[in-house]
Amino acid sequence: MAYEVEKTDEEWRAALTPEEYQVLRKAGTERAFTGEYTDTETTGVYRCKACQAKLFESDTKFHSGCGWPSFYQPISDTIEYIEDNSHGMKRVEVRCANCGSHLGHVFPDGYGTPTGDRYCINSISLTLEPADG
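Residues numbered from 1 in each chain as written. Predicted model: local features only at pLDDT ≥ 70, side-chain atom pairs only at ≥ 80, totals over all residues. Heavy atoms only, no water.

- By the naming in an unreviewed UniProt entry, the protein chain goes by peptide-methionine (R)-S-oxide reductase and is assigned to Nocardioides aromaticivorans.
- Its UniProt record gives the protein chain the following Cofactor (unreviewed entry) comment, quoted word for word: "Zn(2+)". (UniProt positions renumbered as here; feature names shortened; annotations may be inferred.)

Pasting the structure below:
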């Protein structure tokens, strides 16, 4: 798929820290309960760490207890969905539709949310832009 933001592997490595590169470009996962935004309640917009595209609004974030930031819906048309059968599991990977970077996975277990979905997102894949500037 062609993305609005495309870079070579060398360019991504230069733009991201090794940890960011591993998650965003190699579909890695940060350890549970270690991410910067797991328990954050700041009002604002969450952007893709790789390209700064707007992905999630803070009012869709909820505490799921899974160890990663959870959202019940993305901003419209900002997410790409990929079937992921790795590690002996059947999951749906979510990527930034603007640059193709790995964000996390979406699960149909967001009980009590308006959509019933839980977007389980790596903090390292995000940048929070606070509403108060």
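What follows continues from the structure just given.
**Notes on the sheet that holds strand β6 (residues 91–96)**
In step 1: Overall, antiparallel pairing links the 6 strands, which are arranged β3-β4-β8-β7-β6-β5 in an open sheet. The open sheet has two edge strands with one neighbour each: β3 (61–62) and β5 (79–84).
In step 2: In this sheet, strand β8 (residues 118–121) lies alongside strand β4 (residues 70–71) in antiparallel orientation, the contact comprising 2 bridges. Paired with F71 across the bridge in β8 is Y119. (Pairing = 2+ DSSP bridges. Helix = DSSP H or I, 4+ residues; strand = E, 2+ residues; numbered from the N terminus.)

**Some details on the nonpolar core**
In step 1: Counting residues in each nonpolar core, the largest one holds 23 residues, and the members touching the most others are L55, F56, C96 and I121.
In step 2: Contributions of two or more residues to this core are made by α2 (18–24), β1 (44–48), β2 (54–57), β6, β7 (102–107), β8 and β9 (126–130).
In step 3: If we ignore the near neighbours within four places in the chain, the residues touching L55 are Y46, R47, C48, P74, I75, T78, I79, C96, L103 and L126. (Core = buried A, V, L, I, M, F, W, Y, C linked by side-chain atoms within 4.5 Å. Buried < 20%, exposed > 50% of the residue type's maximum accessible area, 1.4 Å probe, protein only. Contact = heavy atoms within 4.5 Å.)

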